[in-house]
Amino acid sequence: KKTNFDLIIDDGSHVDEHIILSLNNLMSKIKKNGFYVIEDASKELTPNILKLANNSKFKKMNKIKKVWIFESEEGLNLTNFDGTKKNFIIFIQKG
């Protein structure tokens, strides 16, 4: 039996290649109007996932309805902790 999900949250390794691999393997498991959420994206550590989320070819291939990218509140001193200045959370809605 094929299992599809309303919501998948990626709160993983914070490494571009890992996030993209998970997204490419799991996007097909999202139901229509469901969401794939990527937590802790940043320009410093995960610039490619931020670009991919808004790539028109990626959106068309995966039937993406909408993408939202919000700045997230991750703490007061990220630069000293992991080298990032801002973290983002990405919501990808399947159409």
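Cut-offs and rules
- Residues numbered from 1 in each chain as written.
- Predicted model: local features only at pLDDT ≥ 70, side-chain atom pairs only at ≥ 80, totals over all residues.
- Heavy atoms only, no water.
- Pairing = 2+ DSSP bridges.
- Helix = DSSP H or I, 4+ residues; strand = E, 2+ residues; numbered from the N terminus.
- Axes fitted to C-alpha atoms, helices over the stretch in contact; angles between N-to-C directions.
- Contact = heavy atoms within 4.5 Å.
- Phe/Tyr/Trp six-rings, centres within 6.5 Å; stacked < 30°, edge-to-face > 60°.
- Buried < 20%, exposed > 50% of the residue type's maximum accessible area, 1.4 Å probe, protein only.
- Lys, Arg positive; Asp, Glu negative; His and termini not counted.
- Salt bridge = Lys/Arg side-chain N within 4 Å of Asp/Glu carboxyl O.
- Polar contact = N/O pair within 3.5 Å; in protein donor to acceptor, adjacent residues only side chain to side chain.
- pLDDT = per-residue confidence, 0-100.

**Re the sheet that holds strand E1 (residues 5-10)**
Strand order in this open sheet of four strands is E1-E2-E4-E3, and the pairing throughout is mixed. Whereas interior strands pair on both sides, the edge strands pair on one side only; in this sheet they are E1 and strand E3 (64-72). Across the sheet, the mean angle from the axis of one strand to that of its neighbour is 10°, orientation sign disregarded. When E1 meets strand E2 (residues 30-41), the two strands line up parallel, connected through five bridges. Of the residues in E2, the one forming a bridge with Leu7 is Phe35. Contacts from helix H1 (residues 16-26) reach E1, E2 and strand E4 (87-94), with the element oriented near 175° to E2.

**Section: the packing of aromatic side chains**
Here the structure, examined in full by the defined rule, presents two aromatic pairs. Look at Phe35 and Trp68: their rings are 6.0 Å apart centre to centre, the planes differ by 35°, and that puts the pair in the tilted class. Within this pair, whereas Phe35 is found in strand E2, its partner Trp68 is found in strand E3, the two being separated by 33 residues in sequence. For Phe35, a relative accessible area of 27% translates into the label partly exposed. Ring geometry for Phe70 versus Phe91: centroids 5.9 Å apart, planes at 75°, classification edge-to-face. Pair noted here: Phe70 is in strand E3 and Phe91 is in strand E4, with a separation of 21 residues, a long-range link. The exposure class assigned to Phe70 is partly exposed, which follows from its relative accessible area of 41%.

**Let's talk about the side chain of Asp40**
Tracing the chain through its elements places Asp40 in strand E2. In this structure, Asp40 is buried with no salt-bridge partner, the nearest side chain bearing the opposite charge being Lys86 at 15 Å. Engagement of the side chain of Asp40 in a polar contact is seen with the side chain of His14, the distance being 3.2 Å. Within the structure, the side chain of Asp40 is placed 3.5 Å from the side chain of Asn87, a separation counted as a polar contact.

**Thoughts on the confidence of the model for the chain**
Here the chain shows a mean pLDDT of 88. Residues at 70 or above account for 89%. Taken element by element, the chain is modelled with least confidence in helix H4 (residues 78-82), mean pLDDT 62, and with most confidence in E1, mean pLDDT 96.

**A look at the pattern of salt bridges**
A complete count under the given rule lists two salt bridges for this structure. The partner of Lys31 in a salt bridge is Asp6, with the nearest N and O atoms 3.8 Å apart. Of the two residues, Lys31 is situated in strand E2 and Asp6 in strand E1; the sequence distance between them amounts to 25 residues. The closest approach of N and O atoms between Glu71 and Lys86, which form a salt bridge, is 3.8 Å. Highlighted residues: Glu71 in strand E3 and Lys86 in the loop between H4 and E4, separated in sequence by 15 residues. You can call Glu71 partly exposed: its relative accessible area is 49%.

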